[in-house]
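# Structural overview for review
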Amino acid sequence: MAYTVPKLKDFSTNALTRAFLDLKSAFQEEVAKPRSEAEWKNFRDRWMARKNGLLAQVNDLWLKAAPKEAKREVGKLVNEVKQFVEQEFEIDHGWTNTANAFSATLQTVDISLPGIRRSIDAEHPIIRTQNEIVRVFQDLGYSVAEGPVIETDYYNFEALNFPPNHPARDTQDTLFLANQESKPRREQLLLRTHTSPVQIRTMEKMKPPLRILIPGKVHRNDPPDASHSPMFHQVEGLAVDTNITFGDLKGTLDHAMKALFGSDVKTSFRPSFFPFTEPSAEMFVSCFICGGSGKRGADPCRPCKQTGWIEILGCGMVDPNVFEFVKHNGYDPENISGFAFGMGVDRIAMLKYGLDDLQLFFQGDVRFLEQFG
Ligand code: DAH
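Below or above, wherever it landed, is the structure these notes cover. This structure is a prediction, so every number in the text was calculated from the model and none was measured.

Counting its regular elements, the chain contains 11 helices and 11 strands. In terms of C-alpha radius of gyration, the chain reaches 38 Å, well past the compact-globule figure of 21 Å for 373 residues. Taking the principal axes of the C-alpha coordinates as reference, the chain spans close to 115 × 60 × 40 Å. Looking at the chain alone, contacts between residues at least 24 apart form 66% of all its contacts between residues at least 6 apart. Accessible surface computed for the chain: about 21,000 Å², of which carbon and sulfur atoms make up 51%. Taking the average place of the 44 positive charges on the side chains of the chain and the average place of its 49 negative ones, the gap between the two points comes to 9 Å.

Here's what the structure looks like:
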């Protein structure tokens, strides 16, 4: 039965005390009950409403109704009742008074239970792919090197044997930092367009032999579309030692592609050109979507454009001109040789996860990203 404020006939101290104790225990029972914001509001109104709330009733039924001679004592009691109830509303009974946010469940929480583990969310599919690539080469004894995303012209171009008027050095293709016209060209800052400058930075610090893998962000002045982004990711590799040959390059990369895409894939190396390697090649893997046939059932295979081959990376033997820039640290092209390669992580991730729009990776839509959890 819900508590109601009794009419008092007896205004003796004993009777008043009993009435107060009844009210208190009724309040204490009720204050633990609300389990929603609406319930809490009802409870509060029931006691505090100016018109006909229980406190107002106490005033009417006890104080106003008291005979003259009892008024003083009843007045004191009613004040105590008010103070008690008002103080109780100040106390946090599992509710924060300000926002009235519902946290009454706190009262029934078993604090010996383990807490609710917050999900740290899914690894981004690009970072996951990057880590998979890194792992394959770590298993071959490569270590990881990193370098700055804001780079100088020297490391990004000059020390990689780019000629002064190479188109990549144009602001059409490369994002330069503003207001650097007064600086010598080699000191001008830009957003690195590839991870290759870290080859030079690492060779300046570490003597040969060297086997490193360089993951990282790169930027180019490309408007975003389904297959382009001004920011993307590369993984670069560099191996330098005495007697490194093109055979080592092919064997290493063939092994890595089988580890990444499955032991069935084949690799194909086709002549190409990069300023920092000589000879240079583009490496293709047989299409792991259609198995190299160029067809999916009766339909053409889109990822390999029906060719049965997918271009994965650029590579080559390190150009002796590049070694000249780090000769002082033991990289004399008369005595050592090396190979290098660089691949785009984003495209590999697109192929792996069957996406046709690169932008999905960068829009931060949780509904997309959660699928990789
Ligand atoms: N840096 C080249 C690019 O961004 C990729 C590349 C090609 C890296 C050949 C290399 C390499 O290390 O040997 O297109």
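This brings us to the sheet that holds strand 10 (residues 309-318). Spatial strand order, 1-4-5-11-10-7-6: seven strands in an open sheet with mixed pairing. Unpaired on one side and paired on the other, strand 1 (143-144) and strand 6 (267-274) mark the two borders of the sheet. Summarising the sheet, strand 10 and strand 11 (residues 337-344) pair through five bridges and their orientation is antiparallel. Directly across from methionine 317, in strand 11, lies its bridge partner phenylalanine 339. Where helix 8 (residues 246-261) meets the sheet, its contacts fall on strand 6, strand 7 (277-286), strand 10 and strand 11, and the angle it forms with strand 10 comes to roughly 150°.

With that settled, the discussion passes to unusual backbone geometry. Cis geometry marks the peptide bond from proline 208 to proline 209; its omega dihedral reads 0°. Tracing the sequence through the fold places proline 209 in the loop between helix 7 (197-205) and strand 4 (210-219). Residue proline 279 is reached from glutamate 278 by a cis peptide bond, and omega for that bond is -5°. Take proline 279: it is sitting in strand 7. At asparagine 243, a residue that is not glycine, the phi angle is positive and equals roughly 65°. If you trace the backbone, asparagine 243 turns up in the loop between strand 5 (231-241) and helix 8. Overall, the relative accessible area of 66% leaves asparagine 243 in the exposed class. Located in the positive-phi region is lysine 305, a residue other than glycine, with phi close to 50°. Secondary-structure assignment places lysine 305 in the loop between strand 9 (299-300) and strand 10.

Within the sequence span of helix 7, burial applies to Pro197, Val198, Gln199, Ile200, Thr202 and Met203. For helix 7, the secondary structure elements touched by its buried residues are strand 2 (150-152), helix 6 (153-156), strand 4, strand 5, helix 9 (320-324) and strand 11.

Take the environment of arginine 186 next. Looking at the secondary structure, you find arginine 186 in the loop between helix 6 and strand 3 (189-191). Once residues lying within four places of it in the same chain are set aside, the contact partners of arginine 186 are Thr152, Asp153, Tyr154 and Glu158.

Looking now at the packing of aromatic side chains. Applying the stated criterion across every chain yields a total of 21 aromatic pairs. Each ring, one from tyrosine 353 and one from phenylalanine 372, has its centre 4.9 Å from the other, and the planes form 80°; the classification is edge-to-face. In this pair, tyrosine 353 sits in helix 10 (residues 345-353) while phenylalanine 372 sits in the segment after helix 11 (366-369), placing the two residues 19 residues apart along the sequence. Among the residues examined, tyrosine 353 registers a relative accessible area of 26% and is labelled partly exposed. Taken together, the aromatic side chains of Tyr3, Phe20, Phe27, Trp40, Phe43, Trp47 and Phe84 make up a single cluster linked through ring pairs. Sitting above the plane of the phenylalanine 20 ring, lysine 24 keeps its charged end 5.1 Å from the centroid. Geometry around phenylalanine 84 places lysine 24 over its ring, the cationic atom sitting 5.4 Å from the centre.

Grouped together as the largest cluster of nonpolar side chains are 43 residues, with contacts concentrated most on Phe137, Leu253, Met257, Ile312, Leu313, Phe341 and Met343. Sorting the residues of this core by element identifies helix 5 (125-138), strand 5, helix 8, strand 7, strand 10, strand 11 and helix 10 as the ones contributing at least two each. In terms of residue count, helix 8 provides more of this core than any other element does, six residues in total. Setting aside residues up to four positions removed in sequence, leucine 313 forms contacts with Leu253, Met257, Ala281, Glu282, Met283, Phe341, Gly342 and Met343.

Taken together, 15 residues lie around the ligand, and His194, Ser196, Arg220, Gln234 and Glu236 are the ones closest in. At a separation of 2.9 Å, an oxygen atom of the ligand approaches a polar side-chain atom of glutamine 234. Here an oxygen atom of the ligand sits 2.6 Å away from a polar atom, N or O, in the side chain of glutamate 236. Bound to the protein, the ligand loses 89% of the 350 Å² it would expose on its own.

Conventions used here
In this numbering scheme, every chain counts its residues from 1 along its sequence in written order. Reporting in this predicted model follows two pLDDT cut-offs: at least 70 for local features of residues, and 80 or more for side-chain atom pairs to be given and counted; totals over whole chains, interfaces and linings ignore these cut-offs and use all residues. Side-chain measures were taken over the full set of non-hydrogen atoms in the model, leaving aside hydrogen atoms and water. Helix and strand definitions here come from DSSP, where helices need a minimum of 4 consecutive H or I residues and strands a minimum of 2 consecutive E residues; each element is numbered from the N-terminal end. Throughout, radius of gyration means the C-alpha value; the globule benchmark is 2.2 Å times the number of residues raised to the power 0.38. A contact between two residues is defined here by any heavy atoms of the two lying within 4.5 Å. Using the Shrake-Rupley algorithm and a 1.4 Å probe, accessible areas are obtained, with residue cover drawn only from the displayed protein chains. Under this rule, positive means Lys or Arg and negative means Asp or Glu; His and the chain ends count for nothing. In plain terms, the charge of a residue is placed at NZ if it is Lys, CZ if Arg, CG if Asp and CD if Glu. When DSSP finds at least two bridges between two strands, those strands are taken to pair. As a rule, the C-alpha atoms of each element are fitted with a line to give its axis, helices using only the stretch in contact, and angles between N-to-C directions run from 0 to 180 degrees. Three exposure classes are used, based on accessible area relative to the maximum for each residue type with a 1.4 Å probe and protein chains only: buried under 20%, partly exposed in between, and exposed over 50%. Whether two aromatic rings pair depends on their centres lying within 6.5 Å, for rings of Phe, Tyr and Trp, where Trp uses its six-membered ring; planes under 30 degrees apart make the pair stacked, over 60 edge-to-face, and the rest tilted. Each ring is checked for a lysine NZ or an arginine CZ that lies within 6 Å of its centre and within 35 degrees of its normal; such an atom marks a charge sitting over the ring. What is meant by a nonpolar core is a set of buried Ala, Val, Leu, Ile, Met, Phe, Trp, Tyr and Cys residues, joined one to another through side-chain atoms within 4.5 Å. Near residues are defined by distance, with any heavy atom within 4 Å of the molecule or strand qualifying the residue. Polar contacts, as used here, are pairs of N or O atoms within 3.5 Å; protein pairs need one atom able to donate a hydrogen and one able to accept it. Residues neighboring in sequence count only if both atoms are side-chain atoms.

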